[in-house]
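Breakdown of the fold
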Amino acid sequence: MLNGKNVLLAVTGSIAAYKSALIVREFIKKGANVKVVMTNAACDFITPLTLSTLSKNPVFKDFVKDSEKGVWNNHVELGLWADLMIVAPATANSIAKLVSGHADSFLLATYLSARCPVFVAPAMDLDMFKHESTQENLSILTERKVSIIQPEYGELASGLEGEGRLAEPEQIVKAVRDYLLNIATLKDKRILITAGPTHESIDPVRFIGNHSSGKMGFALAKVAAERGASVQLIAGPVVLDTPSGVDRINVTSAKEMFEAVKETFANIDVVIMAAAVADYRVKSPALEKIKKNSSEMELLLEKNEDILLYLGNNKKHQLLIGFALETENEIKNAEKKLISKKLDAIVLNSLKNKGAGFATDTNQISILQKDNKMISFELKHKNDVATDVLDVIEKLL
Ligand code: PMT
């Protein structure tokens with residue numbers, strides 16, 4: 001469950017910070033990529049050098065990296081990098097600041113920027129832990145869907161005995177794995193997702209393409225992998241990082257995408273075609289760069305294979321989900337594609353809706369199913385759109 005996941009460990013100023021070295025090691029052993037962010041107070045208990053050596057990554061502490069050169073650490077990038085954020089140990093003070101939304105340290109600003117599941121493992125003296133303020137703060141975090149990893153009972157740094165000891169590193173990793181298992185609703189499913197544009201060569205330096213950035217397809221791959229599916233992503237030419245846990249094949253043209261899809265199709269349970277595949281290719285691409293000798297030029301195009309249509313005609317057990325990008329008569333056109341390509345559902349997005357379609361971080365969709373059911377959603381981040389699409393797919397499965 002943790003293999004290839006980006007784990008961000010946030011260490012705050014408790015004597016239990018020494019255990020963060022063991023937490024890093026446990027996650028690394030499970031195949032996770034670990035980065036560490038610390039408060040200044042945490043550095044009194046364990047050095048950044050120890051944690052950077054164990055995590056094999058630089059440790060983040062301050063906003064400014066090199067004041068003379070004006071280089072700064074980017075908390076937003078770090079927050080978005082994380083698939084999971086674990087605050088361990090979490091002091092009473094840092095828990096209060098997580099609740100109030102303070103951003104007066106790099107760690108807190110990163111927490112506010114993270115979109116991933118967050119875990120908080122408290123560590124403090126028993127009376128601090130029992131105090132109404134701490135308990136109320138933990139309840140608020142729970143309401144906000146932060147998972148609390150309960151501290152253990154035992155001898156504390158003060159010499160007193162009670163609840164407040166940081167959970168053991170193995171327990172912290174187990175709590176995270178249990179959470180992932182719990183949300184792994186697509187655990188045994190193999191999902192093929194296409195993303196991005198295709199480029200159809202005109203000559204060695206030019207191509208016919210479209211505006212697809214791949215963001216929609218990559219968001220689907222990310223969310224499907226988070227739900228435990230085994231994800232095969234077939235990507236056209238895009239500049240995006242592969243989401244963790246996703247297997248990626250790069251292609252350039254529609255022909256290459258078709259070949260790659262055909263090769264994987266037999267072993268797949270669900271296909272989601274989010275790619276913007278070129279309908280036509282140049283019949284005879286020039287072998288050398290075309291010179292601008294005449295005032296006009298004509299290109300002869302021939303039809304590419306319709307990949308979804310082929311899949312619709314050859315499917316056995318597979319669930320087929322298409323996308324429809326429309327500019328007019330949206331519902332009618334999407335319905336036509338749903339029926340002619342023998343799809344189980346089609347995701348309609350229209351360029352008439354601001355913030356929807358190509359290259360934006362957001363999309364606005366309707367999902368049409370073959371039983372004439374249609375659900376429409378408001379404009380959302382593509383990660384949340386992917387969640388809606390996968391919720392519908394889970395119901396169809
Ligand atoms: O990548 P982004 O910048 O995030 O943008 C996302 C998106 C707008 C590209 C995406 O949301 C989307 O709508 N993808 C499908 C675009 C498209 O090609 O739509 P279409 O209506 O032309 O095609 C209908 C369906 O047939 C699509 O699932 C398409 O993948 C598939 N198709 C099309 C042509 C072809 N030769 N073979 C196909 O399989």
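Here's a quick rundown of the structure. Not measured: the values here are computed from a predicted model. (Residues numbered from 1 in each chain as written. Predicted model: local features only at pLDDT ≥ 70, side-chain atom pairs only at ≥ 80, totals over all residues. Heavy atoms only, no water.)

In terms of burial, strand 18 (residues 319-326) is a largely internal element, seven of the eight residues being buried. Pairing of strand 15 (residues 270-273) with strand 18, which is carried by four bridges, proceeds in the parallel orientation. The partner of V270 across the bridge, within strand 18, is L319. Here six bridges tie strand 18 to strand 19 (residues 345-350), and the two strands are oriented parallel to one another. Looking across to strand 19, one finds that I321 is bridged to A345. Between strand 18 and its parallel partner strand 19, the chain crosses via helix 12 (residues 330-340), and the hand of that crossover is right-handed. (Buried < 20%, exposed > 50% of the residue type's maximum accessible area, 1.4 Å probe, protein only. Helix = DSSP H or I, 4+ residues; strand = E, 2+ residues; numbered from the N terminus. Pairing = 2+ DSSP bridges. Right-handed = clockwise from strand over helix to strand, strands pointing away.)

Let us now look at the nonpolar core. In terms of nonpolar packing, the biggest core is built from 35 residues, with I191, I193, L220 and I272 touching the most fellow members. Sorting the residues of this core by element identifies strand 10 (190-195), helix 9 (215-226), strand 13 (230-235), strand 15, strand 18, strand 19, strand 21 (365-369) and helix 13 (382-396) as the ones contributing at least two each. For this core, the element with the most residues is helix 9, which contributes eight residues. Each residue touching I193, except ones within four places of it in the same chain, is listed here: G217, L220, A221, A224, V231, Q232, L233, I234 and I272. Within the second largest apolar cluster, 31 residues are counted, among which are I86, V173, V176 and L180. (Core = buried A, V, L, I, M, F, W, Y, C linked by side-chain atoms within 4.5 Å. Contact = heavy atoms within 4.5 Å.)

Further remarks concern the layout of surface pockets. The calculated volume of the largest pocket comes to roughly 1600 Å³. In terms of lining, the largest pocket is formed by 44 residues, of which the most central are L80, D83, R115, K222 and N383. Those elements that place two or more of their residues in the lining of the largest pocket are helix 3 (75-81), helix 8 (169-182), helix 9 and helix 13. The greatest single-element share of the lining of the largest pocket, amounting to seven residues, is contributed by helix 9. Taken together, the residues of the lining of the largest pocket break down into 19 nonpolar, ten polar and 15 charged. Looking at which domains feed residues into the lining of the largest pocket, each of domain 1 (6-182) and domain 2 (190-282 + 298-396) gives three or more. Taken as a whole, the second largest pocket encloses approximately 820 Å³ of empty space. Forming the walls of the second largest pocket are 37 residues, and the residues nearest its centre are A275, A276, V277, F323 and L325. Of all the secondary structure elements, the ones that give two or more residues to the lining of the second largest pocket are helix 9, helix 11 (307-314), strand 18 and strand 19. Here the residues of the lining of the second largest pocket sort into 18 nonpolar, eleven polar and eight charged. (1 Å grid on protein atoms, 1.4 Å probe; cavity = no way out; pocket = protein on both sides within 12 Å on 5 of 7 lines; lining within 4 Å. Points joined across faces, edges and corners; volume = space filled by probe spheres on them. Nonpolar A, V, L, I, M, F, W, Y, C, P; charged D, E, K, R; others polar. Domains from an automatic or database assignment.)

Right, let's get into the site of the ligand. Among the 28 residues in the neighbourhood of the ligand, the closest are listed as S212, S213, K337, N349 and A359. A274 is positioned such that a nitrogen or oxygen atom in its backbone is 2.9 Å from a nitrogen atom of the ligand. Considering the ligand on its own, with 770 Å² of exposed area, one finds that the protein chains cover 96% of that surface. For the ligand, the cavity whose grid points lie within 2 Å of the majority of its atoms is the second largest pocket. Elements with a contribution of two residues or more to the shell around the ligand: helix 9, helix 11 and strand 18. For the shell around the ligand, the leading source of residues is strand 18, giving four residues. In terms of residue class, the shell around the ligand is made up of 14 nonpolar, seven polar and seven charged. (Near = heavy atom within 4 Å. Polar contact = N/O pair within 3.5 Å; in protein donor to acceptor, adjacent residues only side chain to side chain. Areas by Shrake-Rupley, 256 points an atom, 1.4 Å probe, with all protein chains shown as cover. Sits in = over half its atoms within 2 Å of the grid points.)

Here we come to the sheet that holds strand 6 (residues 118-122). For sheets, the rule is that strands pair by backbone hydrogen bonds, running either parallel or antiparallel. The parallel open sheet is built from five strands, whose spatial order is 2-1-5-6-7. Two strands lie at the open edges of the sheet, namely strand 2 (33-38) and strand 7 (147-148), each paired on one side alone. Of the pairings in the sheet, the one linking strand 1 (residues 6-11) to strand 2 comprises six bridges and is parallel in character. By the bridge assignment for strand 2, V11 is matched with M38.

Now for the environment of E161. Relative to the helices and strands, E161 is located in strand 9 (residues 161-165). On a C-alpha basis, the gap between E161 and D125 in space is 8.7 Å, while along the polypeptide they are 36 residues apart.

Within helix 4 (residues 92-100), burial applies to A92, S94, I95, L98 and V99. Buried residues along helix 4 cover an arc of 165° about the axis, so they all sit on one side. Buried-residue contacts for helix 4 involve strand 5 (84-90), helix 5 (106-113), strand 6, helix 6 (126-130) and helix 7 (132-143). Just past helix 4, the residue G101 takes up positive phi, approximately 80°. (Arc of directions from axis to C-beta.)

Pairing is mixed across the open sheet formed by eight strands, whose spatial order is 14-13-10-15-18-19-21-22. Looking at the sheet topology across the chains shown, the edges are occupied by strand 14 (246-250) and strand 22 (374-376). Direction aside, neighbouring strands of the sheet carry axes that sit 15° apart on average. The sheet contacts of helix 11 involve strand 15 and strand 18, and relative to strand 18 the element is tilted by about 155°. (Axes fitted to C-alpha atoms, helices over the stretch in contact; angles between N-to-C directions.)

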